Each structure stands twice: as C-alpha cells, then as structure tokens.
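Results of the structural survey
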Amino acid sequence: MKSTLLMKTEAPISLNFLVYVQNIFLNRNRSRNEMKFPYITSKFEFREDFDMRYRELWNEVSKRIAEHSINFLEDEKNIIYQGLFAQDDNTLNEYNEIYRSFIVWWRSIAGGFSLERSVDEIGQQIYADLAGLLVEKGIQPQKEFIISYIYDECLLFELEPSSYYAVVSIKDCFMNYIGLIQKLQQSILLSSLNMI
C-alpha cells in the first residue's frame, strides 16, 4: 500500500497571538526564571474568567482554521480583546500596544519566519513518520491533514486531538517527538473510528 497522506502545515498568526497574550497573562504570577516570551513589565487588566474565555476563544479560532484554513488576525483582533481583557479605555490602549508589539515581532525575521523555518526539516520527518505509520496500519486518510505550529505551548489547558487537525508547539517537535507522532496519528484515527 502506498501513502496517500496529504499534509498542510502553517503557523497561524491568530493562534500565535493567543499564545503571546497567554504568556503575558501567566507572567504576572511567575518568578523571573519561569518567565515566557514576551516579557512585559506593565500590568494589564484581564477578565476574571480569563482561563475559561481563553479556552473558548482558542477553540473557536482553531476550529475556523481547521475548517477553512484562513489565517487573518484582523478578524479576531476585537474578539480577543473583548473576550480576554477588562473593558475600559485604558485596557483598550494597552491591548492595542500588545497587538502592535506582536505584529512587529511576527513580521520580523525573529517572529513568524523563524517559526516556520525552525520546523521545516522536522516537518518533513513528521510527514514521513506519520505516513509510514498509516501505511503500516492500512489506514487511508480521508482528507488533508492540517498542522498549525505555535511558537510556545498552550499552557492553560490540554490541547485535544481533533479530526485531521492538530496544533503543535515547537517544543513538541523537538522535546516530545514520539508523543507528538502518536498524537497526530490519533487525530487521523479519530476520524477513521467515527466512520466505522
């Protein structure tokens, strides 16, 4: 049996912005040695139900990417502000500063370009290993498999596999490769089991 796996990889700006905001939120209660990028000294007013709202937003944005592979942050900019930040003029100005800071970083060589380049080679290995496992198990993928890369982990909740779509951090690629391949395989198996 020959592999018929079609796989698309991307680094969605909207999910990476959510990780950026998550890290600002988490840094408020971390020691200097535990800080995540970006390190921002200002204290921002987040919603009290930030964790729950973050998960809802993440699921909404990733579902949209999985279904349509559209990658525009402008569409989510106001939704993210309203969902995660306390609503007043001061927080709107602070949020706009966070947004501009992210955009400058993302468009630089150190941002989105570096993320995509860092996973190029390992992305080919992921494809080869995943395709080999599917052939070995006699599984024919039913549609294109999409992987969204994020620059840092989603730390507020465990990312669950979904049908033909996965969000993968750079850390997963390099520090948990075997577990990553199993997780990706599970995403395809999930669909195959639902069809039985």
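1. Notes on helix 5 (residues 109-118)
Taken residue by residue, helix 5 has G111, G112 and L115 as its buried positions. In an axial view of helix 5, the angular spread of the buried residues amounts to 65°, which keeps them on one side of the axis. For helix 5, the exposed residues set more than 90 degrees away from the buried face come down to I109, A110 and R117. Along its buried surface, helix 5 packs onto helix 1 (13-27), helix 4 (89-107), strand 2 (145-150) and helix 7 (170-175).

2. Description of the domain arrangement of the chain
With domains assigned, the chain is organised as domain 1 (13-107) and domain 2 (112-190). Relative placement of domain 1 and domain 2: their C-alpha centres are 23 Å apart. The partner domain 2 presents 18 residues to the 23 residues of domain 1 that form the contact. Both sides of the domain 1 and domain 2 interface together cover about 1700 Å² of buried area, and 67% of this is carbon and sulfur. Counting the surface domain 1 buries against domain 2, the share from its top three residues, N16, R55 and W58, is 27%. Between K36 and D152 there is a salt bridge, and its shortest N-O distance comes to 3.2 Å. There are nine residue pairs in polar contact (both at pLDDT 80 or more) connecting domain 1 and domain 2. Only helix 1, helix 2 (50-68) and helix 4 provide two or more residues apiece to the side of domain 1 that touches domain 2. Counting residues per element, the side of domain 1 that touches domain 2 draws most heavily on helix 2, which supplies nine residues. Looking at the side of domain 1 that touches domain 2 residue by residue, the classes come out as 14 nonpolar, five polar and four charged.

The rules behind each value
- Every chain begins its residue count from 1, and numbering advances along the sequence as written.
- The predicted nature of this model means local features are confined to residues of pLDDT at least 70 and side-chain atom pairs, given and counted, to a pLDDT of 80 or more, with totals for whole chains, interfaces and linings taken over all residues.
- Hydrogens are left out, water is left out, and the side-chain values use all remaining heavy atoms of the structure.
- Exposure categories follow from relative accessible area, calculated using a 1.4 Å probe and restricted to protein chains: below 20% of the type maximum is buried, above 50% is exposed, and the middle band is partly exposed.
- What counts as a helix is a DSSP run of H or I of at least four residues, what counts as a strand is a run of E of at least two, and both are numbered from the N terminus.
- Arc definition: it is the arc formed by the directions from the helix axis to the C-beta atoms.
- Any two residues whose heavy atoms approach within 4.5 Å are treated as being in contact.
- Boundary definitions for the domains trace back to an automatic or database domain assignment.
- Buried area is understood as the total, over both parts, of accessible area removed when two parts are fitted together, assessed with a 1.4 Å probe.
- The working definition used for a salt bridge is a side-chain nitrogen of Lys or Arg within 4 Å of a carboxyl oxygen of Asp or Glu.
- Polar contacts, as used here, are pairs of N or O atoms within 3.5 Å; protein pairs need one atom able to donate a hydrogen and one able to accept it. Residues neighboring in sequence count only if both atoms are side-chain atoms.
- Each residue is assigned to one of three groups, with Ala, Val, Leu, Ile, Met, Phe, Trp, Tyr, Cys and Pro labelled nonpolar, Asp, Glu, Lys and Arg labelled charged, and all others, Gly among them, labelled polar.

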